[in-house]
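# Structural overview for review
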Amino acid sequence: MVQIDAGHFSRDASVELSETLAKPVSYKLMYFPMLSNGATGRDLLAYGGVEWSSVAPADWKSEKNQTPFHLMPLLFVTGENGKTATLAETVVIEHYLAKKFGLLGSNEYEESIIKSLHSSSAAVQNAFAGAVTWNAPEAKAGALGFFTTATLPTWIATHERHLNDNGNNGHYLGDKLSLADIRTANAIEHFATQPESAALMAIINKSVPLTKLRDTVAKHPKMVQWRSGAEYKGFYEGNIAFFANPFAFMT
Ligand SMILES: N[C@@H](CCC(=O)N[C@@H](CS)C(=O)NCC(=O)O)C(=O)O
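As a starting point, this report considers the structure included with it. Just so it is clear, the structure is predicted and the values come from calculations on it, not from any experiment.

### Some thoughts on the sheet that holds strand S1 (residues 24-30)
Pairing is mixed across the open sheet formed by 4 strands, whose spatial order is S2-S1-S3-S4. Of all strands in the sheet, those bounded by a partner on one side alone are strand S2 (52-55) and strand S4 (84-88). Adjacent strand axes in the sheet meet at a mean angle of 20° when their direction is disregarded. Across 6 bridges, the pairing between S1 and strand S3 (residues 74-79) is antiparallel. Paired with Pro24 across the two strands is Gly79, which belongs to S3. Across the sheet, helix H1 (residues 14-22) is in contact with S1, S3 and S4; its angle to S4 comes to roughly 80°. Contacting S1, S3 and S4, helix H4 (residues 90-100) crosses the sheet at an angle of about 150° to S1.

Here it is as C-alpha cells:
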C-alpha cells in the first residue's frame, strides 16, 4: 500500500525532485486492478526491466483527494537521492517512461512522430470511452454505430497508412519498438476487452498492419514475460469485469 500525499505539487523541492526523476531507482504505478489507462505505463515498466510494482488504492474514495486531479494513474518515482516524485496524467507518465527506456526514436523529429501516433491512439480509446462506455444505456447502440462507421475506420485507415509507409513490419518507425507501438497495441487490447468487442474487433481484425503491430508488441520477449504472468492476467480479467458494467463500480 502507498501513502498518497500528492494533492499539491511540491513547490519547494524542484531541484531535488528533478534529480529524482533523472536518477530513478524504483517505480510504483498506481491504478485500478485493470488495464485501461494503466496498461501502457505497466508495459513500459516491464519493457524497461527496472524495479517496479503495481499498486492499487486501498480505499479510493478517501484517497482520491490526495491526488492532483482526483484521478489515476499516478507514477511514484524514487530516486538515488531517496526522494520520491509523483507524476500525474497518463500522457506525462508514458512520455517520461518512454524517454527513460529509449522508446522515442533517435532524434527530435522521430520523437514528434511517435508522440503524434501515441496521442492519436490514446484519443481513439478516449473517444470510445466518452461516446460509448460512459453513455446512457439507451444511447449506446447509436453511439457505437457512429464510432464503428466513422471514428474507428478513420483511425484505422490513417494508422494503416503510417504502418504501410514503414513497410508494414509491425512497427511505426524503423524496425524498433516505440512508445507508439505499445500505445496502439494497448488501444487494441482495450477494444478486445469491451462488451462491444465483437463489433469492434470484427473491424480491427480486418486490418493487416494493425494486427501485425499488435502481434509484434505481444511477441516482444519483455512483453511475453510480463503479459504471461498472473498479475497481467488479473488486470486483463479486471478490465473485462469492470467494463461489463462500469457504472456499478462508480456508485
Ligand atoms: N486525464 C487523466 C484521466 C484519468 C482518468 O480518467 N482516470 C480514471 C480511471 S481511467 C479515474 O481515476 N477515475 C476515478 C474517479 O473518477 O474517481 C489522465 O489522462 O490520466
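### Re the side chain of Gln125
Secondary-structure assignment places Gln125 in helix H5 (residues 108-133). On the basis of relative accessibility, which here comes to 3%, the residue Gln125 falls in the buried class. Setting aside residues no more than four positions away along its own chain, Gln125 makes contact with Ser36, Asn37, Arg183, Asn186, Ala187, His190 and Phe191.

### Observations regarding the packing of helix H6 (residues 137-165) against helix H8 (residues 197-204)
The geometry of H6 relative to H8 is characterised by a closest axis approach of 11 Å and an angle of 30° between their N-to-C directions. As summarised for this structure, H6 and H8 are arranged roughly parallel, according to the angle between their axes. Here H6 and H8 pass one another in a crossing that is right-handed. Along the contact surface, H6 presents Leu144, Phe147, Thr148, Leu152 and Ile156, while H8 presents Ala199, Leu200, Ile203 and Ile204.

### Structural notes on the nonpolar core
The biggest cluster of nonpolar side chains holds 65 residues, and the ones touching the most others in it are Tyr27, Leu45, Leu75, Leu97, Leu152, Trp155 and Phe191. Take this core: its biggest share by element is 8 residues, from helix H7 (residues 179-192). The residues that make up this core include at least three from each of domain 1 (1-101 + 221-251) and domain 2 (108-219).

### Looking at the site of the ligand
Taken together, Tyr31, Phe32, Asn37, Trp60, Lys64, Leu71, Met72, Pro73, Glu89 and Thr90 make up the full set of residues adjacent to the ligand. One of the side-chain N or O atoms of Trp60 is found 2.8 Å from an oxygen atom in the ligand. Met72 places a polar main-chain atom, nitrogen or oxygen, 2.8 Å from a nitrogen atom of the ligand. Taken together, the residues that form the shell around the ligand break down as 6 nonpolar, 2 polar and 2 charged.

### Here's the deal with the packing of aromatic side chains
For the coordinates displayed, the defined rule picks out 15 aromatic pairs. Both rings, one in Phe128 and one in Phe191, keep their centres 5.5 Å apart while their planes meet at 85°; by these two values the pair is edge-to-face. Taken as a pair, Phe128 in helix H5 and Phe191 in helix H7 lie far apart in primary sequence, 63 residues in all. Accessibility expressed as a relative area gives 0% for Phe128, which makes it buried. Looking at Phe191, the relative accessible area reads 0%, which means it is buried. When the ring of Trp155 is compared with that of Phe191, the centres are 6.5 Å apart and the planes differ by 70°; the resulting orientation is edge-to-face. In this pair, Trp155 sits in helix H6 while Phe191 sits in helix H7, placing the two residues 36 residues apart along the sequence. Through a chain of ring-to-ring contacts, the aromatic side chains of Trp52, Trp226, Tyr232, Phe235 and Tyr236 assemble into a single cluster. Arg42 extends its terminal NZ or CZ atom over the ring of Phe235, reaching a point 3.7 Å from the ring centre.

Parameters and conventions
All residue numbers here refer to positions counted from 1 along the written sequence of the relevant chain. Local features in this predicted model are restricted to residues of pLDDT 70 or higher, and side-chain atom pairs are both shown and tallied only at a pLDDT of 80 or more, whereas totals for entire chains, interfaces and linings draw on every residue. Side-chain metrics in this entry use all non-hydrogen atoms of the structure; hydrogen atoms and water are not considered. Think of it this way: DSSP has to see at least two bridges between two strands before they count as a pair. Helix numbering and strand numbering both begin at the N terminus, where a helix is a DSSP run of H or I of at least 4 residues and a strand a DSSP run of E of at least 2. Each axis is a line fitted through C-alpha atoms, taken for helices only over the stretch in contact, and angles between the N-to-C directions span 0 to 180 degrees. Contacts are residue-level and defined by heavy atoms, with any inter-residue pair within 4.5 Å sufficient. Under the scheme applied here, a residue whose accessible area is under 20% of the maximum for its type counts as buried, over 50% as exposed, and between as partly exposed, the area being computed with a 1.4 Å probe on protein chains only. Under this scheme an angle from 65 to 115 degrees is roughly perpendicular, one under 35 degrees roughly parallel, and one over 145 degrees roughly antiparallel; angles in between are oblique. For a crossing to be left-handed, the near helix must be turned anticlockwise from the far one by less than a right angle; the clockwise case is right-handed. What makes a nonpolar core is a set of buried Ala, Val, Leu, Ile, Met, Phe, Trp, Tyr and Cys residues whose side-chain atoms join them at distances within 4.5 Å. As annotated, the domain borders come from an automatic or database domain assignment. Any residue with a heavy atom lying within 4 Å of a molecule or strand is counted as near it. Here a polar contact is taken to be a pair of N or O atoms separated by no more than 3.5 Å, where protein atoms must pair a possible hydrogen donor with a possible acceptor and residues adjacent in sequence count only if both atoms sit in side chains. Three classes are used: nonpolar for Ala, Val, Leu, Ile, Met, Phe, Trp, Tyr, Cys and Pro, charged for Asp, Glu, Lys and Arg, and polar for all others, with Gly counted as polar. Planes of paired rings set the category: under 30 degrees apart is stacked, over 60 is edge-to-face and the rest tilted, where pairs are Phe, Tyr or Trp rings (Trp by its six-membered ring) whose centres lie within 6.5 Å. In this analysis the charged atom, NZ for Lys or CZ for Arg, is taken to sit over a ring once it is within 6 Å of the ring centre and within 35 degrees of the ring normal.

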